[in-house]
Amino acid sequence: YKHQWVVIDTINFLHENGYKVKLTLVGPHGSGSKKLEKKMQSINPEIVEYLGTASYDTIEKSYVNADIGIFASSCETFGMILTEAMSCGLPVAASNMSAIPDVLSDSGLYFNPENSDEIADAIKKLILSSDLRRELANKGYEHVKKFNWINSSNETFCFIEEILMNYKKNI
């Protein structure tokens, strides 16, 4: 569901077409590990770095050292990785599936994570426009501030109160 092999195909295509891109993958392989390993063996090893499971400090350094965040998951309930990238000021290209649009809102570019052409188009737009990168990075940084424990707990208790009130009305 992470579609990392599709992202690798995309980065390889962009590299072969003159874009100076390099992909750093952080985190465990997940369910597509065989596809990922096979894909990594079939491309130029200089354009993809796989860090594997990493400490939070290493992950944060990866965000800070990156120019663009790519989030190609098709199955997320929230997307903590996405909010981490946004809080580090990264412009993001992300999957249009699952809960990702709810988290990212209008702070990023969207693509079908199974479609290499759509991923490439989103990445190219970000590469070619420093204004767009800056705009999305700023929007994302401001938008992610709403995801905090105070807001989360307030919304949770309001939801519980609403359920309780509806229950009492139906007794």
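Residues numbered from 1 in each chain as written. Predicted model: local features only at pLDDT ≥ 70, side-chain atom pairs only at ≥ 80, totals over all residues. Heavy atoms only, no water.

(A) A look at the pattern of salt bridges. With the rule as written, the count across this model stands at five salt bridges. A salt bridge links Lys 139 to Glu 135; the shortest N-O distance between them is 3.6 Å. Residue Lys 139 and its partner Glu 135 are located together in helix H7 (residues 130–143), separated by four residues, close to a single helical turn. Lys 145 is paired through a salt bridge with Glu 142; the nearest N and O atoms lie 3.2 Å apart. You can call Glu 142 partly exposed: its relative accessible area is 48%. The structure contains a network of salt bridges with shared partners spanning Asp 106, Glu 135 and Lys 139. (Salt bridge = Lys/Arg side-chain N within 4 Å of Asp/Glu carboxyl O. Helix = DSSP H or I, 4+ residues; strand = E, 2+ residues; numbered from the N terminus. Buried < 20%, exposed > 50% of the residue type's maximum accessible area, 1.4 Å probe, protein only.)

(B) Structural context of helix H6 (residues 116–128). Its 13 residues place the ends of H6 18 Å apart at the C-alpha level, agreeing with the 18 Å of an ideal helix rising 1.5 Å per residue. Within the span of H6, buried status applies to Ile 119, Ala 120, Ala 122, Ile 123 and Leu 126. Projection of H6 onto a plane perpendicular to its axis shows the buried side chains occupying an angular sector of 165 degrees, all on one side. Every exposed residue of H6 that faces more than 90 degrees away from the buried side is listed here: Asp 117, Lys 125 and Leu 128. Between a side-chain oxygen at the N-terminus of H6 and the backbone nitrogen of Asp 117 the separation is 2.9 Å; the capping residue is Asn 115. (Expected span 1.5 Å × (residues − 1). Arc of directions from axis to C-beta. Polar contact = N/O pair within 3.5 Å; in protein donor to acceptor, adjacent residues only side chain to side chain.)

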